[in-house]
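# Fold and geometry: a report
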Amino acid sequence: MTNYDKLYMCNFFLSTFKIRSGHVCKIQSTERAFAAVRSDGSVVCWGMPEYGGESSSVQAQLKHVREIQSTKYAFAALLEDGRVVTWGHAFYGGILLLW
């Protein structure tokens, strides 16, 4: 098992524990990752990091999530205050650009 495989499995088991500790009210998937919105408005992700399965760079912002959508490689969360938080592969929407 490679270090990458170990990281993937650790991510999966940690996310499974976090999901069990809170009621899931919404779930979305990319091609190889999932994101679940819990009843407290927080988000738990798991799966391949390059497909959005790793959200540590935006985790602090993923509070009070109202909706979540996905593309093939990225997620977008709509917060209660109207802000949008994105993560995943930048080319497929993982970086929000405001013009």
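In case you missed it, the structure is sitting above this.
Just so it is clear, the structure is predicted and the values come from calculations on it, not from any experiment.

### What about the nonpolar core?
Ala35, Val43, Leu62, Val65, Ile68 and Trp87 are the most contacted members of the largest nonpolar core, which has 17 residues in total. Only strand E2 (33-38), strand E3 (43-47), strand E4 (65-70), strand E5 (74-79) and strand E6 (84-88) provide two or more residues apiece to this core.

### Some remarks on the sheet that holds E3
If you walk across this open sheet you meet the three strands as E1-E2-E3, and the pairing is antiparallel. Both outer strands of the open sheet, strand E1 (24-29) and E3, are each paired with one neighbouring strand and no more. Between one strand and the next, the sheet's axes are offset by a mean angle of 20°, whatever the strand orientation.

### Here we look at the packing of aromatic side chains
Summed over the entire model, instances satisfying the criterion amount to five aromatic pairs. Ring centres 5.4 Å apart and planes at 15° place the aromatic pair Phe34 and Trp46 in the stacked group. Of the two residues, Phe34 is situated in strand E2 and Trp46 in strand E3; the sequence distance between them amounts to 12 residues. A relative accessible area of 37% places Phe34 in the partly exposed class.

### Digging into unusual backbone geometry
Its identity is not glycine, yet His64 carries a phi of approximately 60°, on the positive side. Among the structural elements, His64 can be located in the loop between E3 and E4.

### So, the pairing of E5
By the bridge criterion, five bridges tie E4 to E5 in an arrangement that is antiparallel. Note that in E5 the partner of Ile68 across the bridge is Ala77. Hairpin connection of E4 to E5: three residues between the antiparallel strands. The loop that links E5 with its antiparallel partner E6 comprises four residues; one of these, Gly82, has a positive phi angle of about 95°.

### What to know about the side chain of Thr30
Inspection of the secondary structure puts Thr30 in the loop between E1 and E2. One polar contact links the side chain of Thr30 to the main-chain carbonyl oxygen of Tyr51, over a distance of 2.7 Å. Apart from residues no more than four positions distant in its own chain, Thr30 is found in contact with Tyr51, Ser70, Thr71, Lys72, Tyr73, Ala74 and Phe75.

### Thoughts on the environment of Val44
Within the secondary structure layout, Val44 lies in strand E3. Using a relative accessible area of 4% as the deciding quantity, one classes Val44 as buried. As for Val44 and Ile27, which are separated by 17 residues in sequence, their C-alpha atoms are 9.5 Å apart.

### Digging into the sheet that holds E6
Reading across the sheet, the three strands line up as E4-E5-E6 and stay open at both edges, with antiparallel pairing between neighbours. One side of each edge strand has no neighbouring strand; the edge strands of this open sheet are E4 and E6. With strand direction ignored, the average angle separating the axes of adjacent strands in the sheet is 20°. Relative to E6, E5 runs antiparallel, the two being bridged by five bridges. Note that in E6 the partner of Ala77 across the bridge is Val85.

Criteria and cut-off values
- Residues numbered from 1 in each chain as written.
- Predicted model: local features only at pLDDT ≥ 70, side-chain atom pairs only at ≥ 80, totals over all residues.
- Heavy atoms only, no water.
- Core = buried A, V, L, I, M, F, W, Y, C linked by side-chain atoms within 4.5 Å.
- Buried < 20%, exposed > 50% of the residue type's maximum accessible area, 1.4 Å probe, protein only.
- Helix = DSSP H or I, 4+ residues; strand = E, 2+ residues; numbered from the N terminus.
- Pairing = 2+ DSSP bridges.
- Axes fitted to C-alpha atoms, helices over the stretch in contact; angles between N-to-C directions.
- Phe/Tyr/Trp six-rings, centres within 6.5 Å; stacked < 30°, edge-to-face > 60°.
- Polar contact = N/O pair within 3.5 Å; in protein donor to acceptor, adjacent residues only side chain to side chain.
- Contact = heavy atoms within 4.5 Å.

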